Amino acid sequence: MEAKQFGINDVVEMKKQHPCGTNSWKVIRMGADIRIKCLGCDHSIMIPRNEFTKKMKRVIQQGETES
């Protein structure tokens, strides 16, 4: 199985919906833990990287890189 590729400011789709009704999240911090922000209600959560990769479905939109 290929490792999922994602980066900071990417918009990702999760397998399960958030209670607000959307499953689109923005990656706002990366490290051993990943912080993601719901694009529906702006709620943010921090989850371990391995749990995030299991629950992530796909990258919807690539984040803009800073130069």
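Attention in this report is confined to the structure presented alongside it. (Residues numbered from 1 in each chain as written. Predicted model: local features only at pLDDT ≥ 70, side-chain atom pairs only at ≥ 80, totals over all residues. Heavy atoms only, no water.)

## A short note on the nonpolar core
Then step 1. Counting residues in hydrophobic clusters, the biggest one holds 11 residues: F6, V12, M14, W25, V27, I34, I36, C38, I47, F52 and M56.
Then step 2. Taken together, the elements giving at least two residues each to this core come down to strand 1 (11-14), strand 2 (24-29) and strand 3 (33-38).
Then step 3. Top contributing element to this core by residue count: strand 3, with three residues.
Then step 4. In contact with M56, other than residues within four places in its own chain, are K4, F6, V12, E13, M14 and K15. (Core = buried A, V, L, I, M, F, W, Y, C linked by side-chain atoms within 4.5 Å. Buried < 20%, exposed > 50% of the residue type's maximum accessible area, 1.4 Å probe, protein only. Helix = DSSP H or I, 4+ residues; strand = E, 2+ residues; numbered from the N terminus. Contact = heavy atoms within 4.5 Å.)

## Brief notes about the packing of aromatic side chains
For any pair of aromatic rings, geometry is given as the distance between the ring centres together with the angle between the planes.
Then step 1. For the structure shown, the criterion picks out one aromatic pair.
Then step 2. Pairing F6 with F52 gives two aromatic rings, centres 4.9 Å apart and planes at 70°, and the pair type is edge-to-face. Taken together, the residues F6 in the segment before strand 1 and F52 in helix 1 (residues 49-55) connect sequence positions 46 residues apart. No difference in accessibility class separates F6 from F52, as the two residues are buried. (Phe/Tyr/Trp six-rings, centres within 6.5 Å; stacked < 30°, edge-to-face > 60°.)

## With respect to the layout of surface pockets
Then step 1. Estimates place the volume of the largest pocket at around 210 Å³.
Then step 2. Lining the largest pocket are M14, K15, K16, Q17, H18, P19, W25, I36, I45, I47 and K55. (1 Å grid on protein atoms, 1.4 Å probe; cavity = no way out; pocket = protein on both sides within 12 Å on 5 of 7 lines; lining within 4 Å. Points joined across faces, edges and corners; volume = space filled by probe spheres on them.)

## Considerations on the environment of K37
Then step 1. Along the chain, the position of K37 falls in strand 3.
Then step 2. Put simply, K37 and D10 are 27 residues apart on the chain and 11 Å apart in space, counted from C-alpha to C-alpha.
Then step 3. Once residues lying within four places of it in the same chain are set aside, the contact partners of K37 are S24, W25, K26, I28, D42, H43 and S44.

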